[in-house]
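The chain contents come next:
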Amino acid sequence: MIKVSNLSKYFDDFCAVDNISFQVEPGEVLGFLGPNGAGKSTTMKMLTGFLSPSAGDISVLGHDMQTDALAAQRLIGYLPEGAPSYSDMTVQSSLEFIGQARGFSGRELGQRIADVVARVELDSVLGKRIENLSKGFRRRLGLAQAILHDPRILILDEPTDGLDPNQKHQVRELIRNLAQDKIVIVSTHILEEVSAVCSRAMILAHGKILFDGTPDELAARSEYHNAITLRVDKLPEGLEQSIAQLPHVTRVQRAEQDQLTIFPEQGQNILAEVNRTLQAHPCQIEELHVEVGRLDDVFRLLTTGKAEDVSA
Amino acid sequence: MNAVNVILKRELASYFATPVAYIFIIIFLMLAGVFTFYLGQFFERGQADLSAFFGFIPWLFIVLVPAVAMRLWSEERRSGTIELLMTLPITTFQVVIGKFLAAWFFVGLALALTFPLWVTVNYLGEPDNGVILAGYLGSWFMSGGFLAIGSCLSATTKNQIVAFILTLVVCFVLVVAGFPIVQDVFSGWAPLWLVDGVSNISFLAHFNAISRGVIDLRDLVYFSVLIAAFLYATALVIDMKKAD
């Protein structure tokens, strides 16, 4: 378990992380979301022992990061923001270096390198210098060095940034497969990623936690949650008015000529009523679906300061 | 100790991963040759010793050693690999020492490659090889002092050029502190202990003593303390400044 209590970080007068507390249990994949400069990376840097907090405590599986950093760092695999690596080394030698620094040698080191190389598919570039690698390979090398010692805790700062859609998919698969009994903390500003890999989402802005809950709970906060999008070939007379008058319908928005978005009251399901109304107005339905919620909507709502502290 | 070793190996390998190391060694050897034979008038002096070589070593080091030291930390900070390094289960001191030793061994290798000078002087006459060995030892210790200062200054900046210039200036001041030109500035008015103090911090005073073949424990202690102090300062600077 990672336990963070009253953690703050100041850079001179600037408060990057403002008195946050949370716990993460094994098996959880926690996604840090937030606009740039929200304090995600700073929090991760403190979790990994790179920066020392201005105030507060971090305990990593029982090891205090301030007093027992080495023991805590042995348990953590970390991909720093931008996946830095020694550009003048080859992929093979840089993995050897990380492995040796983590105390492996001989056959075990070779076996571990072979394992991670297969896992993140680096075999084609093993002998290449890192400065000649593409961004995708560098990111995967960063992942490889993070998982080389099979850590119980994995902290990944924007692991899919700069990857193409196939590589993104691959990295997400990797995270999902790793996650069984580990603690995984991922930061991202790609919202789809949260629903794709995370079991828990945390929105940070101005160094504070604005939301902490499951991705579904996050989506449920959207105005679009359970909203119905309806497209017909030709909108019948009076349909829009009838739907607008249904109970639990807050408003109907007409997007294009023949497309309606129907918003329900918070938490209400209006599909049945809408369906009945539709049958009373004969028309050709081309599209009808219930929205799960738009994350970018919630994200904007929460992070532009309109929302109060609303931890779920 | 294993961790220091791992860092040391990586650093040494990275010197030779690019042409920089080879260029450095070649320039060092060429300049050493030029200084010894032309400026030092090795042949004209008609003496079987290497004092012509060791007399120029401090000046050679002022320019070349900061060039080795400048990348020690600046490059890590600029490329962000410092974050990778400092989140491994290794202490700051282990990294500082590993990096310093790699640079020190590298300069040691460059020094060792001046062995043709030693061969030459032994071919031409019968030098006191003990004095020559002391000269090499003194040179190596002095380069350690330069490197420790360079390591500390390199930790303060992301810019290698800034690190180079800062180190060069500090090393220059430390070398010339024992010269009459600096001594004269103080001797007119300052109390004797200050004049002595200034001349005592000079690299040159301690180096010259060793390179004359007088291995006084105090001179070795001087360089050792200097190295230890600046490596300690390096670790402090790293912990303070690694965030920016």
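Rules of the game
- Residues numbered from 1 in each chain as written.
- Chains lettered and ligands numbered in written order.
- Predicted model: local features only at pLDDT ≥ 70, side-chain atom pairs only at ≥ 80, totals over all residues.
- Heavy atoms only, no water.
- Helix = DSSP H or I, 4+ residues; strand = E, 2+ residues; numbered from the N terminus.
- Rg over C-alpha atoms; globule rule 2.2 N^0.38 Å.
- Buried < 20%, exposed > 50% of the residue type's maximum accessible area, 1.4 Å probe, protein only.
- Contact = heavy atoms within 4.5 Å.
- Areas by Shrake-Rupley, 256 points an atom, 1.4 Å probe, with all protein chains shown as cover.
- Lys, Arg positive; Asp, Glu negative; His and termini not counted.
- Charge placed at Lys NZ, Arg CZ, Asp CG, Glu CD.
- pLDDT = per-residue confidence, 0-100.
- Salt bridge = Lys/Arg side-chain N within 4 Å of Asp/Glu carboxyl O.
- Pairing = 2+ DSSP bridges.
- Axes fitted to C-alpha atoms, helices over the stretch in contact; angles between N-to-C directions.
- Parallel < 35°, antiparallel > 145°, perpendicular 65-115°, else oblique.
- Left-handed = near helix turned anticlockwise from the far one by under 90°.
- Nonpolar A, V, L, I, M, F, W, Y, C, P; charged D, E, K, R; others polar.
- Buried area = accessible area lost by both parts, 1.4 Å probe.
- Polar contact = N/O pair within 3.5 Å; in protein donor to acceptor, adjacent residues only side chain to side chain.
- Patch = residues over 30% accessible without salt bridge, like charges linked within 9 Å, V, L, I, M, F, W, Y side chains within 5 Å.
- Arc of directions from axis to C-beta.
- Phe/Tyr/Trp six-rings, centres within 6.5 Å; stacked < 30°, edge-to-face > 60°.

Focus: the overall build of chain B
Okay, step 1: Counting its secondary structure elements, chain B contains 14 helices and 0 strands.
Okay, step 2: Going residue by residue from the N terminus, the α and β elements of chain B occur as α-α-α-α-α-α-α-α-α-α-α-α-α-α.
Okay, step 3: Here the C-alpha radius of gyration of chain B, 19 Å, is about what a compact globule of 244 residues would show, namely 18 Å.
Okay, step 4: Principal-axis analysis of the C-alpha atoms places the extent of chain B at approximately 55 × 50 × 30 Å.
Okay, step 5: In chain B, which comprises 244 residues, the share counted as buried stands at 50%.
Okay, step 6: Contacts spanning at least 24 positions in sequence make up 76% of the contacts within chain B whose residues lie at least 6 apart.
Okay, step 7: For chain B, the exposed area adds up to about 11000 Å²; of that, 72% sits on carbon and sulfur atoms.
Okay, step 8: The centroid of the 12 positive side-chain charges in chain B is displaced by 12 Å from the centroid of its 14 negative side-chain charges.

Some words on the confidence of the model for chain B
All names here are of chain B.
Okay, step 1: For chain B, the mean per-residue pLDDT works out to 88, and 99% of the residues sit at or above 70.
Okay, step 2: Mean pLDDT across the elements of chain B bottoms out in helix α3 (residues 42-45) (73) and peaks in helix α7 (residues 92-112) (95).
Okay, step 3: Confidence metrics for the complex model read pTM 0.87 and ipTM 0.87.

Re the pattern of salt bridges
Okay, step 1: Tallying each qualifying case throughout the model produces 19 salt bridges over all chains.
Okay, step 2: Linking R254 of chain A and E240 of chain A is a salt bridge whose minimum nitrogen-to-oxygen distance equals 3.1 Å. Taken together, the residues R254 of chain A in strand β12 (residues 249-254) and E240 of chain A in helix α9 (residues 239-244) connect sequence positions 14 residues apart.
Okay, step 3: Among the salt bridges present, the one from E11 of chain B reaches R71 of chain B, with a minimum N-O distance of 3.8 Å. Of this pair, E11 of chain B sits in helix α1 (residues 2-17) while R71 of chain B sits in helix α5 (residues 71-79), and the two are 60 residues apart along the sequence.
Okay, step 4: Classification of R71 of chain B by relative accessible area gives buried; the value is 17%.
Okay, step 5: Residues joined in a network through salt bridges with shared partners are R10, E11, R71, E76 and K99 of chain B.

Examining the sheet that holds strand β14 (residues 285-290) of chain A
Hydrogen bonding along the main chain pairs the strands of a sheet, whether they run parallel or antiparallel.
Residues and elements named next belong to chain A.
Okay, step 1: Spatially, β12-β13-β11-β14 is the arrangement adopted by the 4 strands of the open sheet, whose pairing is antiparallel. The sheet terminates laterally at β12 and β14, the two strands that pair on one side only. Each neighbouring strand pair of the sheet contributes to a mean axis angle of 15°, computed without reference to strand direction.
Okay, step 2: Two strands pair when backbone bridges link them, and β12 and strand β13 (residues 259-264) are joined in this way by 5 bridges, in the antiparallel orientation. In the sheet register, Q253 faces β13, and the bridge partner there is T261.
Okay, step 3: Helix α10 (residues 271-280) contacts β11 (228-232), β13 and β14 of the sheet and is inclined by roughly 15° relative to β11.

Description of the pairing of strand β2 (residues 14-24) of chain A
All names here are of chain A.
Okay, step 1: Strand direction decides the pairing type here: strand β1 (residues 2-11) and β2, joined by 7 bridges, are antiparallel. In the sheet register, K3 faces β2, and the bridge partner there is Q23.
Okay, step 2: The antiparallel hairpin formed by β1 and β2 contains 2 residues in its connecting segment, where D12 sits at a positive phi of about 50°.

What to know about the packing of helix α4 (residues 106-120) of chain A against helix α5 (residues 135-147) of chain A
All names here are of chain A.
Okay, step 1: Contact pair α4 / α5: the axes reach a minimum separation of 9 Å and the direction vectors enclose 140°. In this view, α4 runs oblique relative to α5, as classed from their interaxial angle. For the crossing formed where α4 meets α5, the hand is right-handed. Contacts between α4 and α5 pair V116, R119 and V120 from the former with R140, L143, A144 and I147 from the latter.
Okay, step 2: Looking at side-chain class alone, the contact of α4 with α5 contains 5 nonpolar, no polar and 2 charged residues.

Digging into the interface of chain B and chain A
Okay, step 1: The interface is formed by 24 residues belonging to chain B together with 23 residues belonging to chain A.
Okay, step 2: Taking both partners together, chain B and chain A bury about 2300 Å²; carbon and sulfur atoms supply 66% of that area.
Okay, step 3: Here chain B and chain A share 1 salt bridge between them.
Okay, step 4: Between E83 of chain B and K45 of chain A there is a salt bridge, and its shortest N-O distance comes to 3.8 Å.
Okay, step 5: Inspection of the chain B/chain A interface yields 4 residue pairs in polar contact (both at pLDDT 80 or more).
Okay, step 6: Only α1, α5 and α6 (81-86) of chain B provide two or more residues apiece to the side of chain B that touches chain A.
Okay, step 7: Class assignment for the residues of the side of chain B that touches chain A results in 11 nonpolar, 8 polar and 5 charged.

Quick word on unusual backbone geometry
Residues and elements named next belong to chain A.
Okay, step 1: One non-glycine residue with positive phi stands out, namely N6, at about 50°.
Okay, step 2: Its place among the elements puts N6 in strand β1.
Okay, step 3: Residue classification places N6 among the partly exposed residues on the basis of a relative accessible area of 43%.

Topic: the environment of H206 of chain A
Residue and element names in this part refer to chain A.
Okay, step 1: Residue placement: H206 occurs in the loop between β9 (200-205) and β10 (208-213).
Okay, step 2: For H206, a relative accessible area of 65% gives the class exposed.
Okay, step 3: Linking H206 and D233, residues 27 residues apart in sequence, is a C-alpha distance of 47 Å.
Okay, step 4: Setting aside residues up to four positions removed in sequence, H206 forms contacts with D18 and A38.

What about a nonpolar patch on the surface?
All names here are of chain B.
Okay, step 1: On the surface, a cluster of nonpolar side chains totalling about 420 Å² of accessible area is made up of L109, L113, F115, W118 and V119.
Okay, step 2: With 3 residues, the top contributor of residues to the nonpolar patch is helix α8 (residues 115-124).
Okay, step 3: Along the chain, W118 falls in helix α8.
Okay, step 4: The exposure class of W118 is partly exposed, given its relative accessible area of 36%.

Here we look at α10 of chain A
Residues and elements named next belong to chain A.
Okay, step 1: Residues of α10 that are buried include every one of V274, T277 and L278, and no others. The arc that holds every buried residue of α10, seen down its axis, measures 105°, which confines them to one face. More than 90 degrees from the buried face of α10, the exposed residues found are R276, Q279 and A280.

Digging into the packing of aromatic side chains
Residues and elements named next belong to chain B.
Okay, step 1: Summed over the entire model, instances satisfying the criterion amount to 24 aromatic pairs over all chains.
Okay, step 2: Between the aromatic rings of F24 and F28, the centroid separation amounts to 6.3 Å while the plane-to-plane angle is 5°, which identifies the pairing as stacked. Within this pair, F24 and its partner F28 are both found in helix α2 (residues 20-39), separated by 4 residues, close to a single helical turn.
Okay, step 3: Taking the relative accessible area as the measure of exposure, F24 reaches 10% and is therefore buried.
Okay, step 4: Residues F93 and Y232 carry aromatic rings whose centres are separated by 5.8 Å and whose planes lie at 20° to one another, so their mutual orientation is stacked.

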